[in-house]
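Residue-level structure breakdown
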Amino acid sequence: MIEFHNVTKLYKTVIGVNDISLKIEPGVYGLLGPNGSGKTTFINLVMGQLRPSMGHLSVFGMDPWQNDGLLNRIGLCPAIQAHYPFISGLKWVAYLTQLRGFSRKQSHQMAAESLAVVGMEYAMNRAMSSYSLGMRQRTVLAQSIAHKPELLILDEPFNGLDPKGRYEMTVFLKSWVKEGRSVILASHILHEVESLNPSLLLVSGGRLLASGSPQQVRSIIANCPNSVRVRCRQTAELAALVTGNFEIKSISINSEAEELEIESMNPLELLKLLPGLAMKNNLLISELRSSDDSLQNIFSMLMLIHRGGMRLPE
Amino acid sequence: MGLVNSIFATVQFEILRVLTLRRLSVAVIMALFPPTMIFWLQAGGALASPGFIITLFCGMVCLLSLLLWSTSNVYAELEGKSWAFITSRPYGRWSILFGKFLVAFLVSFIISWIALSLCMLVTGDLDFNILNDGKEVPKMQVWLALSGLLFLASMVYAAIFSLLGVLIQRRAMAIAVVFFTVVEVVFAVIPAVVGKFAMSFHMFCLLTHWVGWVPPSAGQDEDANEILQDFLNVYGRQDAWVHLAVIFAMTLLSLSLAAYVICKREYITLEDSQV
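Residues numbered from 1 in each chain as written. Chains lettered and ligands numbered in written order. Predicted model: local features only at pLDDT ≥ 70, side-chain atom pairs only at ≥ 80, totals over all residues. Heavy atoms only, no water.

Some remarks on the interface of chain B and chain A
The cut-off we apply is this: It only takes one pair of heavy atoms within 4.5 Å for two residues to be counted as in contact. Throughout, buried area stands for the accessible area (probe radius 1.4 Å) lost by two parts on being put together, summed over both. For this analysis, a salt bridge means a side-chain nitrogen from Lys or Arg found within 4 Å of a carboxyl oxygen belonging to Asp or Glu. Whenever two N or O atoms come within 3.5 Å, that pair is a polar contact, provided that in protein one can donate a hydrogen and the other can accept it, and provided that, for residues adjacent in sequence, both atoms are side-chain atoms. Helix and strand definitions here come from DSSP, where helices need a minimum of 4 consecutive H or I residues and strands a minimum of 2 consecutive E residues; each element is numbered from the N-terminal end.
Listed per partner, the contact involves 35 residues of chain B and 39 residues of chain A. When chain B packs against chain A, close to 3,200 Å² is buried across both sides, 60% of that on carbon and sulfur atoms. Our count for the chain B to chain A interface comes out at 1 salt bridge. Of the charged contacts in the structure, one is a salt bridge between Lys9(A) and Glu266(B), with a shortest N-O distance of 2.9 Å. Joining chain B to chain A, the criterion identifies 11 residue pairs in polar contact (both at pLDDT 80 or more). When residues of the side of chain B that touches chain A are traced back to their parent elements, those giving at least two are helix H1 (2-18), helix H5 (83-87), helix H6 (92-123), helix H11 (240-264) and helix H12 (270-273) of chain B. At 9 residues, H1(B) tops the list of elements feeding residues into the side of chain B that touches chain A.

Some details on the packing of helix H3 (residues 89-98) of chain A against helix H5 (residues 133-145) of chain A
Residues and elements named next belong to chain A. Note the threshold: Note on definitions: angles span 0 to 180 degrees between N-to-C directions of axes, and those axes are lines fitted to C-alpha atoms, for helices only across the stretch in contact. Any angle between 65 and 115 degrees counts as roughly perpendicular, while under 35 counts as roughly parallel, over 145 as roughly antiparallel, and the rest as oblique. In a left-handed crossing the near helix is turned counterclockwise from the far helix by less than a right angle, and in a right-handed crossing that turn is clockwise. The nonpolar class holds Ala, Val, Leu, Ile, Met, Phe, Trp, Tyr, Cys and Pro. Asp, Glu, Lys and Arg form the charged class, and all remaining residues, Gly among them, are polar.
Contact pair H3 / H5: the axes reach a minimum separation of 9 Å and the direction vectors enclose 30°. When the interaxial angle is binned, H3 and H5 end up roughly parallel. When the axes of H3 and H5 are compared, the crossing they make is right-handed. Judged by residue contacts, Gly-89, Trp-92, Val-93 and Leu-96 of H3 engage Thr-139, Val-140, Ala-142 and Gln-143 from H5. Looking at the contact of H3 with H5 residue by residue, the classes come out as 5 nonpolar, 3 polar and no charged.

Thoughts on the packing of H6(B) against H11(B)
Residues and elements named next belong to chain B. Where H6 meets H11, the closest approach of the two axes is 9 Å, and the angle between their N-to-C directions is 150°. It follows from the interaxial angle that H6 and H11 lie roughly antiparallel. The handedness of the crossing between H6 and H11 is right-handed. Residues Arg-93, Trp-94, Ile-96, Leu-97, Phe-98 and Phe-101 of H6 pack against Thr-251, Leu-255, Ala-258, Ala-259, Ile-262 and Cys-263 of H11. Residues of the contact of H6 with H11, tallied by class, amount to 10 nonpolar, 1 polar and 1 charged.

Some details on the packing of aromatic side chains
Selection criterion: When the centres of two rings from Phe, Tyr and Trp lie within 6.5 Å, Trp using its six-membered ring, the rings pair. Their planes under 30 degrees apart give stacked, over 60 give edge-to-face, and anything left gives tilted. Classification of residues uses two cut-offs on accessible area relative to the type maximum, computed with a 1.4 Å probe and protein chains only: under 20% is buried, over 50% is exposed, and between them is partly exposed.
Using the criterion set out here, one finds 13 aromatic pairs over all chains in the structure. Pairing Trp92(A) with Phe85(B) gives two aromatic rings, centres 5.0 Å apart and planes at 80°, and the pair type is edge-to-face. Taken together, the residues span two chains, with Trp92(A) in helix H3 and Phe85(B) in helix H5. Just as Trp92(A) is buried, Phe85(B) falls in that class too. Pairing Phe105(B) with Phe151(B) gives two aromatic rings, centres 5.0 Å apart and planes at 70°, and the pair type is edge-to-face.

Remarks on the sheet that holds strand E1 (residues 2-11) of chain A
Residues and elements named next belong to chain A. Selection rule: DSSP-based pairing: two strands are paired if at least 2 bridges between them are found.
What the 3 strands build is an open sheet, ordered E2-E1-E4; its pairing is antiparallel. The sheet is open, and its two edges are formed by strand E2 (14-24) and strand E4 (54-59), each paired on a single side. Adjacent strand axes in the sheet meet at a mean angle of 25°, parallel and antiparallel pairs treated alike. With 5 bridges connecting them, E1 and E4 associate as antiparallel partners. Note on E4: the bridge partner recorded for Thr-8 is Met-54. Most of the contacts of helix H1 (residues 39-46) go to E1, to which it runs at about 120°, and overall it touches E1, E2 and E4.

Observations concerning the pattern of salt bridges
Residue and element names in this part refer to chain B. Enumeration according to the criterion identifies 14 salt bridges over all chains in this entry. Here Glu-14 and Arg-17 are joined by a salt bridge, their closest N and O atoms 3.2 Å apart. Residue Glu-14 and its partner Arg-17 are located together in helix H1, separated by 3 residues, close to a single helical turn. The pair Glu-14 / Arg-17 is uniform in exposure class, with both members buried.

So, the sheet that holds strand E5 (residues 74-77) of chain A
Residue and element names in this part refer to chain A. The 6 strands are arranged E5-E6-E7-E3-E8-E9 in an open sheet whose pairing can be described as mixed. Looking at strand neighbours, the two that pair on one side only are E5 and strand E9 (207-212), the edges of this open sheet. Across the sheet, the mean angle separating the axes of adjacent strands is 15° when strand polarity is ignored. Sheet analysis places strand E6 (residues 151-155) next to strand E7 (residues 182-187), joined by 5 bridges and oriented parallel. Considered in E7, the bridge of Asp-155 is made with Ala-186. The sheet strands contacting H1 are strand E3 (28-32), E5, E6, E7 and strand E8 (199-204), and the helix crosses E6 at an angle near 150°.

Looking at a nonpolar patch on the surface
We count it as follows: Within this analysis, patches are made of residues with over 30% relative accessible area and no salt bridge. Like charges are joined at 9 Å or less; nonpolar side chains (Val, Leu, Ile, Met, Phe, Trp, Tyr) at 5 Å or less. Each accessible area value is a Shrake-Rupley result obtained with a 1.4 Å probe; residue values ignore everything except the protein chains displayed when judging cover.
Side chains of Val26(B), Leu64(B), Leu68(B) and Met173(B) sit close together on the surface and give an oily, nonpolar patch of about 310 Å² of accessible area. Tracing the backbone shows Val26(B) in helix H2 (residues 21-43).

Concerning unusual backbone geometry
Residue and element names in this part refer to chain A. A positive phi is found at Asn-6, a non-glycine position, where the angle reads about 50°. Inspection of the secondary structure assignment puts Asn-6 in strand E1. Take Asn-6: its relative accessible area is 43%, and that puts it in the partly exposed class. Despite not being glycine, Glu-258 has its phi angle at roughly 50°, a positive value.

Section: the side chain of Ser6(B)
Inspection of the secondary structure assignment puts Ser6(B) in helix H1. Of the residues examined, Ser6(B) reaches a relative accessible area of 0% and is grouped as buried. With near-sequence residues (within four places) excluded, Ser6(B) lies in contact with Gln98(A), Leu99(A), Tyr91(B) and Ser95(B).

In structure tokens form, the structure reads like this:
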């Protein structure tokens, strides 16, 4: 469906994407990366709005650079809120559908249908200025699916949605995927995309750092050097146990908070074995968690590994 | 068919966007400015040459409206963050260019034409002192000729400013003002071939064809006719259709260039460049 061959995009001296090569077959993909990692550039390249500075890419077997023929096969839900005073959601979606070449009547019908799909039927004749953030997000989604594209690209679709809205968005995307359509979902939050069980593409600094199923990515993350926080009353005894049994970089004891922070070279092994070892030694652990679980830290580590500054433990 | 349909969809959508209190107020103020000034000057007895003053004021209104509507064709979408929605459609870029051109053209013509018509009403039976071959030109003919010129000016400058808007985003309006001053004001009065590049020159020639000379001040009809003769001797006498053809050709050329640029250019938003 999508092929990148050593694609680099430069904005003068700023690198948008850096030497990306990948092949995406039809399916569900999560494009994960921190803010400013190159996700939007990746999407704009796929949409043919940007031309690669180096390398080449194809979408549905064609060069996407300003290839208007491709655009009706793709639906784009950008990470942008639409805001037009006095214009209803229905009129806006119908207008954007007309720009795809459909007649006025067809566009109105398609717009009304897509707004109903995203649960905006009740408010579609209201001015968009009266919409909440979540309603606008759903209207933006409606404009991307009105023409029933083969590939739906969503850029941070969960932004601004409340828990109910997030749930509804997930339900919608699951049903969309069930119909056999492809989805690329760009996000900086792992668990948002995980529910769709996608193949993950991890990007940072414009580079593709890792790819695979959520389980594979989680195992990569778990095997990265990481900090682990352990809450235990007998902090000194636990610290002694840890230093004697695990390969660690550092350990700090906070007696007042009854907490240990362990910087481990192999956090997965530590998380697996420490509870059993503590039990054997009659030490009661009340909490065990990874402290560096933000995506930004994970990406920083992956970037370090990618540059050869760090090696993954075997 | 799809392209035509999408252009008209853009025209319709843009007109819907116009119907806000703020934009309507601006349009009303612009349409009322020339007749108010004419009324005020007339009441004060300072309206020396009504034909010239009306042409000047209505032309200014037309130009101002075009600057507001045409030059921001791409920038308004980039700034309003609607560019991604439009360009992800097969006819998006085309329809934004041609749809906005049509709206700028229509809105500017309507505003300036209303202003012109109100000016004609305000002046009542006032003598315009416009002579053609020594005969007084009827007021209705002046109104028709100026309406025609406003139509042509709205069309050609909407196209030129649309091209500038496509080429330059951030300071398109300022560049358009500089362009107008240099090309349409300075070039137009240079008695050389360069003057013919100015659309204002061709419109002036059309005005002389249609109604004769609009004198810059009253009571100088004979001098004015002399100036006109000198002017025509320097520039040569061409039929009206030649000037009309130049204006239409310039409109087509500007729109074609703008269409090429808007379709081939990478428009990078601030968000894009921050990756």
